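# Results of the structural survey
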Amino acid sequence: QAAQAAAHDVALIPWVNGALLLFWESHRAATRRRAAVYTAAIGLLLGLSLLTKGLTGIAVVGVAYGAYLLVTGQLTFAACGRGAAALLIAAAVAAPWYAVVELRNPGYLRYWFVERHVLGYVCGTQSHGGESWWYYLPIVLGGGLPWIAYLPVAMQDGWIRWKAAHGCASEGVRVGSGRPDRASVLLWCWLIGGTLFFSFAHSKLVTYVWPMFPAAALLAAVAWTRLLEGTLCQNARRTLAGTVILSCALGPVLLPAAMIVVQQKCQSLFSGTAWAAAILAALTSCVPAGFWLAKRARLTLSSAALSLAVQFLFVMTALVPSVAATTSGRELAGHFNRLGHLPRRLLFADERIGSFVFYLTPELRAGLRDGQLQQVHL
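Following the criterion strictly, the structure yields 4 salt bridges and no others. Across the pair lysine 53 and aspartate 9 runs a salt bridge whose closest N-O atoms are separated by 2.6 Å. Placement of lysine 53 in helix α2 (residues 32–53) and of aspartate 9 in helix α1 (residues 8–27) is noted, with a sequence separation of 44 residues between them. The pair formed by lysine 53 and aspartate 9 is uniform in burial state, with each residue classed as buried. Residue glutamate 25 is joined to arginine 28 by a salt bridge in which the shortest nitrogen-to-oxygen separation is 3.5 Å. What makes glutamate 25 partly exposed here is its relative accessible area of 25%. The exposure class assigned to arginine 28 is exposed, which follows from its relative accessible area of 52%. Counted as one network, the salt bridges with shared partners bring together Asp157, Arg161 and Arg226.

Turning next to the packing of aromatic side chains. Counted under the stated rule, the structure contains 17 aromatic pairs. Between phenylalanine 23 and tyrosine 65 the ring centres are 4.9 Å apart and the planes differ by 20°, which places this aromatic pair in the stacked class. With phenylalanine 23 in helix α1 and tyrosine 65 in helix α3 (residues 56–71), this pair connects stretches of sequence that are 42 residues apart. You can call tyrosine 65 buried: its relative accessible area is 6%. Plain terms: the ring middles of tyrosine 121 and phenylalanine 197 are 4.9 Å apart, the flat faces sit at 25° to each other, and that makes the pair stacked. Remark: phenylalanine 197 occurs in helix α8 (residues 181–200) and tyrosine 121 occurs in helix α5 (residues 108–122); sequence separation between them is 76 residues. Among the aromatic residues, those joined into a cluster by ring pairs are Tyr121, Tyr135, Tyr136, Phe197 and Phe198.

Our focus in this paragraph is the confidence of the model for the protein. Per-residue pLDDT for the protein has a mean of 87; in total, 92% of the residues score no lower than 70. Note that residues 175–180 has pLDDT below 50 and, in this model, 10 contacts with residues that lie over four places away or in other chains.

Here we take up α8. With 20 residues, α8 extends 28 Å between its outermost C-alpha atoms, agreeing within 8% with the 28 Å of an ideal straight helix rising 1.5 Å per residue. Of the positions making up α8, those classed as buried are Ser184, Leu186, Leu187, Trp188, Cys189, Trp190, Leu191, Gly193, Gly194, Thr195, Phe198 and Ser199. Against α1, α3, α6 (136–143), α7 (151–165) and α9 (213–229) lie the buried residues of α8.

To continue, consider the nonpolar core. With 68 residues, the main nonpolar core has Leu46, Trp190, Leu191 and Leu240 as its most contacted residues. No other element matches the 9 residues that α9 contributes to this core. The contact partners of leucine 191, leaving out residues within four places of it in the chain, are Leu151, Met212, Ala215, Ala216 and Leu219. Counting residues in hydrophobic clusters, the runner-up holds 12 residues, among them Val262, Phe270, Ala281 and Ala318.

Conventions we followed
- Residues numbered from 1 in each chain as written.
- Predicted model: local features only at pLDDT ≥ 70, side-chain atom pairs only at ≥ 80, totals over all residues.
- Heavy atoms only, no water.
- Salt bridge = Lys/Arg side-chain N within 4 Å of Asp/Glu carboxyl O.
- Helix = DSSP H or I, 4+ residues; strand = E, 2+ residues; numbered from the N terminus.
- Buried < 20%, exposed > 50% of the residue type's maximum accessible area, 1.4 Å probe, protein only.
- Phe/Tyr/Trp six-rings, centres within 6.5 Å; stacked < 30°, edge-to-face > 60°.
- pLDDT = per-residue confidence, 0-100.
- Contact = heavy atoms within 4.5 Å.
- Expected span 1.5 Å × (residues − 1).
- Core = buried A, V, L, I, M, F, W, Y, C linked by side-chain atoms within 4.5 Å.

See the structure below:
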């Protein structure tokens, strides 16, 4: 359901990705002119993120790249100057829209930036506040699959390379081969720093942590790229082999198990055809193991990607609609859509107002008044 939602966090991801990439390139720019061009582009992307979801994107980029500069000892006046210039450009990009909104809706800027951003972060004032500090841990671990499974490989390889660079390794690793180590440091700062930043917030929601997932995918790509290039450390290679075999062994079990859970929780009944399709899709997980045992790493990776795509397609077409029907306001909204009008006041106890409004017809949605829909917490 979340993957199909029109959430602002999805639109935020490309701006965060692009800004971090350009910050990386600006730091490595050969000339001041090129660095200035990168900085201007960063400001544009941060301005778009500011229009998309306020200060969230700027915070993620700031935490990730700021932590990277601190860890690598590259926090200089020049780097701070580029960051400040990018923020000024971002403010210039977003200011016209926010100014118009404030003029038409006085008090909006205080509500959006102070109440929703600052107070929402430091206080449990939002409707989705008060979650435990570890709230995002299962979301990152589960939502980051399959890439998250290869992070121990990337971490082990990076640690061995760091020891080799300091004369402490005994594996004979080729330091400097493969991808630059500092790029991996940036990715780790992005993933860990961003996750910790959201974990410290009092206001938590599943979609907030979505901008962290590209970092996990890129770190997994680093591990596989080094394997294909022949530069992955031996210990890390053994860990990757165990991960591949374990994931292939669990694959045939997980999809049918998910169907059983959905049937029980959502009171759905899947047809025999759906079960047969699920079993066939799940069995594709065994194919990469055969290629791995045949020492065909590239075919292992490509077949694993294909298997994942097949299973994801089944989940989106068979499982997600069943979950959405019982966890969204679609059926309730459909009732009022057929009725053609809404009552003067509607109280929501177990339904989310946003989901209900999403499924209303444009005519009913346009006629909503302040206070007409109210959430009741039982």
